[in-house]
Every structure is written in C-alpha cells, then in structure tokens.
Amino acid sequence: MSDHALRLLREQPHLAELAAFPFNFDLARADHGEDVRLASGGPLEAVAGDDTGGTYFVCGDGSVLYADSEGSAGIIGNSVDEALEVLVGLPGWHDHLGLAPADGEEKIRAAVAETEEEIREYHGIDDERTELRAGLGLAERSPVELVGLLHAALLRTEPDFLLLNAEEGGAHDLLDGHPRPPLWEAVLARGRTDLALLREGSAWDEVAGDRARRALALRAAQFDRREGDLPLLRHLLRHEAEASMTDELRLAAVLVGLHGHAEDLPLLYEVRETDFDTWCGLGGMPEPGADRAELRRWARDLDDSLFGTDPADELLFTWTGLAHEQGLVELARAALIRRLDDIDFRAYCDARDSKAMERRDASQLSPLVREFEQLGDTFQALRAQRLYVPLQTRAWDRVSALLRLVRLEREEGRFGAAIRTLTSLRDTLPEPDGGVGDSDGSLEHWWRTNLGTYIVEEHYALARTAATDPALADEVRAVTVAAGELLARLSGTARANTDTGANPGAGVSAEPTPPQPSAG
C-alpha cells in the first residue's frame, strides 16, 4: 500500500499544516494517550491525531485504523493515501459513518453538502482542499465514491484489526454502526459449498477425509436437511468415527437416525463400538433389531436437546471451534473477546451488588479460558480466569482455579502476581493432620491427591521461571521454601508422583478432579 502522501507530509511543513487544519490530520498529535494493540498481535504505528483526541494508526498491511477518545475504532482506508482522500474529500467524515452506498446518491450528496455548509460557517475548506490534493497527488473523487471507500474500509475492521486496550485487554467498539454477519454465517460458508458438492456426487472422499471440511459439511447438513442426504450422511458418519467421539459424530448419528431406516442400526451400532469414548457418547442408542420408530425417537430426543435447525441457537464455542479448525483464528479470537468483554462489563456492574454477584454464572468462563488457550492467547485466557476465580465457592474448586491462574500468570511473565496468587492458594489449604480445615471439607485430603502434586509442581516451576528477575529474589526464595514444605506434607504416593525439576508443572493445565467422599 502506498504511503506517498505520508512521506510528503513529513517532508513539507506547509502541506502538514494544511492536513492538520482544516482536515484534522495532525502529525504532531500522534500520541494516543493510552497503550493499545491489535488483538492479532500485528504491527501498529501511530502517525497522526486530531483535535478530539482521536489517533490514526498504520497497520502492517498499510491500512489506516482510526481510534477515537471514546473507545471506538475502525479502518478508514486501505492506505494512508486512501485515508487522506476520505479525510480531505469528506471533512465531516465522522458524521457520515452511518452512510452506505445502499443509501443512494441523492441521500449521500445531500448529507455531505449539509455537513460541509456547516463547516464553511467557521472556516474555509474549498481552496485548502484543492491545494492539499494537488500537493499530495490525491485523486479527486465524488462524495458517493468516498462514502463507498469509507464504508468498505470500516467493514474490514473486524476481525483482523480489532483494537485492544493493551493493559486491560478489552476491545474497542466498532466505529460505525453497520451490522456485521453472525459468526456462524462466515464459518458455515465452506461447509455449505462442500455439502452442495456432496449432493452433486462430487468430492466425497476429499470432504470426508478432511476433518475440518467433514465437520463443516455435517453442520451445513444440520441446518439444511433433505430427504436425499442419507447416503452422504452415512459416508460422513463412517469417516467421523475415525476421529473418535466428537460433537459432529453424535450429530452425524442423529442425522442418520432421523431418517428412520432400521437397516442403519448395524452401522450406528458399529460406530458406537469404535472405542470407549464413542460407547459412552452414543449411549442409549437402540440395539440392532429395534424398529424404525424407536430409532427415530432416539434421534429426535438427541436432536431436540443438543442440535436443532437454527444456527443462531448453537453455542458460541461451536462456531469458534470450527472457525479455529478452518484457520480462521482471528475470527474466532474476535468473537471470544467480544463475549469476554460482555461478561467483564456485567461483572463490573454487579460488583456493587452482592446479590447480583451471587447470581453470576461462571459456566462460560471456564470454556473461554480453554478456547483462548487453544488459540495461544494466554493474555485473554488470564483475563477470563481472573473473573472465574472469585465465583468459586467450594474450597476445592477455588484452589483448582487459583492453580490455573498461577500458571497463566507465570506463562504471561507476571511473576509478582503469580507469587501473590500462590500465597492466597496456600492460605486456603487446610493442615493434613486434622488441624485447621477448609470450610466445606472438600480439601480434607488434598495432600493425598493429584491436586497436591500439581500445587507443589507449580511452586517449583514458578520459582525457576521467576528467578530470572533479580528484583524478585526474596520472593523466589520464599516460594522455594514453601515448595519444600508442601512437598514434605504430601503423602508418599503423591510425593513420588511429583516432578520438582525435569518437567515442572506438566499436569497443572488440567483442573484436578476432587476425590470421592469415601476417600480414606
């Protein structure tokens, strides 16, 4: 992308003055005032600002991202040259964010003319526009064309140019109010294409042999059910069984079962018997020899409880997982961050209401942590885990959540925070000799379980990693001492299973399963 105009502005002060006034692209205002970054981790350079506190950033591909002072951001041009064409040609461009080519030429021209007349009441723009266009070599475009360029650029903002507060991790709002297609629509696009190929009799093995394409084709078939699909559904079911138990395997079995052909029962039974996971996951399936009514009843019950025919009813994590499998990482990341921001905002509102805090649902936070980790986004996983921890009322669950929080803080290099979290974790542990106990008894035998092993391993892992920071020398020594004391408190079996050096923290990504009440 061209940066010809930006080079000229930096080389010629007179042109830079014209750009700053009256067109509000001021090279001297490039300090945004707060640290921001792209969710994708892509490069971002602040090059100018305006008198409202907004900032213009150049992204890695040359696109220009504008962030205002109110927490909104959007792409306004594919290059600095194009962005300046918009700013100079539409000096009241902020007022036109809601316009789109579909509004028609008459409406667009009328809106632009009205805004420019208001501007002219205070200062000139016409001679200045002519001079700046000539000096920078900018094309002269009609208001309709400029609105089209701006509209198209704004629609590219998400997911690749989602702007975050660098410290807190929250995303900026979209600069414009244009509706975006739902996540499932973008994710299902290829699945619908492959389903059409399968129905034509093409690419059966290519689609069925590719895990990501097969899953998407099955999801497309879920929302577009046809009587003639049974042969291709059988084909996809056989191949999906090779992946062991998945949601799509269950879906394929349901879609086959809904056709109600009793001769499919041996195939379904064979798939169920693939391994232990499929045997559990497809439990309740009618045995070979059952009638078609029983098969349909089983499939219909599962369909009603787990699937259905409206993609908008599917869980967000279904679509983010499928997006990730397709390589649409930023699409998945953006959707997950938006969901986390919504939970974070509600948590902020609930913080002043103790009853509301008690009613808060933690069910989406743990999956969010897992999804972010699968994307390799430890920063956002840490955000979600911090919200998750205070919602754990059971002692075992709270310690497990703190343990995961420590690991994420350590992996993010936030060693001081991790050390403080470990201190809080230790304060929650009861004595193994029957002394001070935990509030609900769930931690009574922590020292005999894998939880105790993981706690000790995380202490050693953090001590070694944080030792790279000389300012934390005293804290690291305290963590090392605590690790030794905790190791001594473990039972013989738990102590023997603890890795204190070669592979520290190997198991702490899992949330340990609490022992049964009968544990001795």
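The structure under discussion appears in the preceding block.
Residues numbered from 1 in each chain as written. Predicted model: local features only at pLDDT ≥ 70, side-chain atom pairs only at ≥ 80, totals over all residues. Heavy atoms only, no water.

Q: If you had to explain the packing of helix α18 (residues 365-374) against helix α19 (residues 378-388) to someone new, which residues and values would you point to?
A: Interaxial distance between α18 and α19 falls to 8 Å at its minimum, and their mutual angle equals 165°. When the interaxial angle is binned, α18 and α19 end up roughly antiparallel. The handedness of the crossing between α18 and α19 comes out as left-handed. On the side of α18, the interface is formed by Leu365, Ser366, Leu368, Val369, Phe372 and Glu373, while α19 contributes Gln380, Ala381, Ala384, Gln385, Leu387 and Tyr388. (Axes fitted to C-alpha atoms, helices over the stretch in contact; angles between N-to-C directions. Helix = DSSP H or I, 4+ residues; strand = E, 2+ residues; numbered from the N terminus. Parallel < 35°, antiparallel > 145°, perpendicular 65-115°, else oblique. Left-handed = near helix turned anticlockwise from the far one by under 90°. Contact = heavy atoms within 4.5 Å.)

Q: Let's hear about the pattern of salt bridges: which residues, and what values?
A: If you walk through the whole model with that rule in mind, you get 39 salt bridges. One salt bridge in this structure joins Asp126 and Arg120, with 2.9 Å as the shortest N-O distance. Owing to a relative accessible area of 35%, Asp126 belongs among the partly exposed residues under this scheme. (Salt bridge = Lys/Arg side-chain N within 4 Å of Asp/Glu carboxyl O. Buried < 20%, exposed > 50% of the residue type's maximum accessible area, 1.4 Å probe, protein only.)

Q: A description of the nonpolar core should follow, citing residues and the corresponding values.
A: Within the largest apolar cluster, 104 residues are counted, with the highest numbers of intra-cluster contacts made by Leu237, Leu365 and Leu368. Element by element, the count of residues in this core is highest for helix α20 (residues 395-411), at nine residues. If we skip the residues at most four places from it in the chain, Leu368 touches Phe317, Leu336, Arg339, Leu340, Ile343 and Ala384. (Core = buried A, V, L, I, M, F, W, Y, C linked by side-chain atoms within 4.5 Å.)

Q: Explain the pairing of strand β4 (residues 64-67) residue by residue, including any values.
A: Side chains Val64 and Tyr66 project from β4 onto one buried face, and the interleaved Leu65 and Ala67 project onto a second face that is buried too. The sheet contact formed by strand β3 (residues 55-59) and β4 spans four bridges and is antiparallel. In the strand pairing of β4, Val58 is matched with Val64. The turn linking β3 back onto β4 is made up of four residues, and Gly62 within it adopts a positive phi angle of 95°. Sheet topology places β4 next to strand β5 (residues 72-77); four bridges connect them, and they run antiparallel. Within β5, the position partnered with Leu65 by the bridge is Ile75. Here β4 hands over to β5 after four residues, with Gly71 in that stretch at a positive phi of 95°. (Pairing = 2+ DSSP bridges.)

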